[in-house]
Amino acid sequence: MLGWGVEFLRAEMNRLLSLLFHQGVLDEQFLQLQQLQDESSPNFVSEVITIYFHESEKLLRNLRLLLMDKELSDYKKMDIHLNQMMGSSSSIGAKRVRNVCVAFRAASEQNNHAGCLRALELLEHEYCYLKNKLHELFQIEQQRALASGVRYPAQHD
């Protein structure tokens, strides 16, 4: 019975990953990240993703603060934050978040405040969706590990 539970959870993980790839939320870079995880670093992916979420929260907060200024003139600073968000999103395979960053940067380069506000709203939406789905994936992964008798430390968001 124990083995069946592990296989069911593995199938759930694969189903969720397939959905995220099909939706374009993730790309092949996420698979490459997973390949770096092994017995010596069983939490590698979740640790990298946790750092990504922590840094992204700061970047999103900074972008929001910059856009709250109605007389926004520091589009260069916004571009720096967007480039950081784009690079880190690319490195973990967060394809839709990265794509929204590209559109956001285009609005920023045109000094389009309204376009930047719309892009930020979409970026926050895509980011939250990614975060929720990866959290779900890591919960299933942790359940699978527990079902197979392997114990991982709890993850903190």
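Coordinates for the structure precede this section.
In what follows, the accompanying structure is described. (Residues numbered from 1 in each chain as written. Predicted model: local features only at pLDDT ≥ 70, side-chain atom pairs only at ≥ 80, totals over all residues. Heavy atoms only, no water.)

**A short note on the overall build of the chain**
- Within the chain one finds six helices and zero strands.
- Going residue by residue from the N terminus, the α and β elements of the chain occur as α-α-α-α-α-α.
- The principal-axis extent of the C-alpha atoms belonging to the chain is close to 65 × 25 × 20 Å.
- Relative to its full complement of 157 residues, the chain shows a buried share of 38%.
- Here the analysis covers contacts within the chain between residues at least 6 apart in sequence; of these, 67% occur between residues at least 24 apart. (Helix = DSSP H or I, 4+ residues; strand = E, 2+ residues; numbered from the N terminus. Buried < 20%, exposed > 50% of the residue type's maximum accessible area, 1.4 Å probe, protein only. Contact = heavy atoms within 4.5 Å.)

**What to know about the packing of aromatic side chains**
- With the rule as written, the count across this model stands at three aromatic pairs.
- Measuring from centroid to centroid gives 5.8 Å for phenylalanine 53 and tyrosine 127, while their planes differ by 85°, and the two rings are edge-to-face. Placement of the pair is phenylalanine 53 in helix 3 (residues 44–68) and tyrosine 127 in helix 6 (residues 113–147), with a sequence separation of 74 residues. The two residues phenylalanine 53 and tyrosine 127 agree in class, both being buried.
- Members of the aromatic cluster, joined through ring pairs, are Tyr52, Phe53 and Tyr127. (Phe/Tyr/Trp six-rings, centres within 6.5 Å; stacked < 30°, edge-to-face > 60°.)

**What about the packing of helix 4 (residues 75–92) against helix 5 (residues 95–109)?**
- Running from amino to carboxyl end, helix 4 crosses helix 5 at an angle of 165°, the nearest separation of the two axes being 9 Å. The pairing of helix 4 with helix 5 is recorded here as roughly antiparallel in orientation. Handedness of the helix 4/helix 5 crossing: left-handed. Counting all contacts with helix 4, which are made through Tyr75, Met78, Asp79, Leu82, Asn83, Met85, Met86, Ser89 and Ser90, the residues of helix 5 involved are Val97, Arg98, Cys101, Val102, Phe104, Arg105, Ser108 and Glu109. (Axes fitted to C-alpha atoms, helices over the stretch in contact; angles between N-to-C directions. Parallel < 35°, antiparallel > 145°, perpendicular 65-115°, else oblique. Left-handed = near helix turned anticlockwise from the far one by under 90°.)

Take it as geometry only, folks, not as evidence of what the structure does.
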